[in-house]
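# Close look at the chain arrangement
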Amino acid sequence: MMQSSTEVKTPSFPRQTDLATVCVYAIGILSAGLFLFLPLVNLLSPSPWQRTMGVVHGTAALLAVVVIAYAGHMAFPLLRGVPKILPQMRTLTFWSSCLAFLAIASGNWAYMRYRAPSGGARAWLRENTPLVHYLFMEYHEFTVLFTLPLGVACTWVLWQYGDSIVEKHNRPVLAATSIALMAMMFFALGGLVSGLNVARMHTL
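So, a few notes on the structure that sits alongside this text. (Residues numbered from 1 in each chain as written. Predicted model: local features only at pLDDT ≥ 70, side-chain atom pairs only at ≥ 80, totals over all residues. Heavy atoms only, no water.)

## What about the environment of Val-157?
With respect to the secondary-structure elements, Val-157 resides in helix H6 (residues 147-161). Residues Val-157 and Ala-176, 19 residues apart in the sequence, show an inter-C-alpha distance of 10.0 Å. Among residues more than four places away in sequence, those in contact with Val-157 are Gly-162, Ile-165, Val-173 and Thr-177. (Helix = DSSP H or I, 4+ residues; strand = E, 2+ residues; numbered from the N terminus. Contact = heavy atoms within 4.5 Å.)

## What to know about the layout of surface pockets
By volume, the largest pocket amounts to about 1000 Å³. Along the wall of the largest pocket there are 41 residues; nearest its centre are His-57, Ala-61, His-140, Gly-195 and Leu-196. At the level of elements, helix H2 (48-79), helix H3 (86-114), helix H5 (130-143) and helix H7 (171-201) are the ones that each hand at least two residues to the lining of the largest pocket. Counted by class, the lining of the largest pocket contains 26 nonpolar, 13 polar and two charged residues. (1 Å grid on protein atoms, 1.4 Å probe; cavity = no way out; pocket = protein on both sides within 12 Å on 5 of 7 lines; lining within 4 Å. Points joined across faces, edges and corners; volume = space filled by probe spheres on them. Nonpolar A, V, L, I, M, F, W, Y, C, P; charged D, E, K, R; others polar.)

## Re helix H4 (residues 121-128)
Ala-121, Arg-122 and Leu-125 are the residues of H4 that are buried. Along the axis of H4, the buried positions cluster into a sector of 100 degrees, meaning they face one direction only. Where H4 is buried, its residues meet H3, H5 and H7. (Buried < 20%, exposed > 50% of the residue type's maximum accessible area, 1.4 Å probe, protein only. Arc of directions from axis to C-beta.)

Everything listed here is a matter of coordinates, which is why it stays silent on function.
Written out as structure tokens, the structure reads:
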């Protein structure tokens, strides 16, 4: 049986598709890498305090934000009661709490220099741009502290209840935990934005 000369062949683009996939992954990895290397920009600062504190606190804060944001993102399927993500959520909340503690501890170290009576960033900001201090730093000082108790509480709940947290009678606990993780993500992202704005105005 002869094939018709007018038979239409379906085009296939495996090569182009593979190239597009590689490009998307390459751009994503490059963007993530540049974002994670952001604290190392502090090494170029003329201030010796900024070179040390900026790198330590910046690295701890950035890693905390990345992990906490991922945990907050996973809180949405957790709220729907998806049981297969529970082991991952227990690990994420634990490391979120650890990184939040490191970010807060290093932030308090940097905060001592920020409040230095002579030559401190706080005095300079209040004199020259008081709105930055009151709008960003006052927000930054207090809201980021909520990430640690929220993380510890969520970690305890997820490990204490285990897989039974998705059961019907534990739905209020599951909802409260998921909302707490979302709030933790909100405070972490807000802290990153406000901290970057303050650092952009004046270094330590």
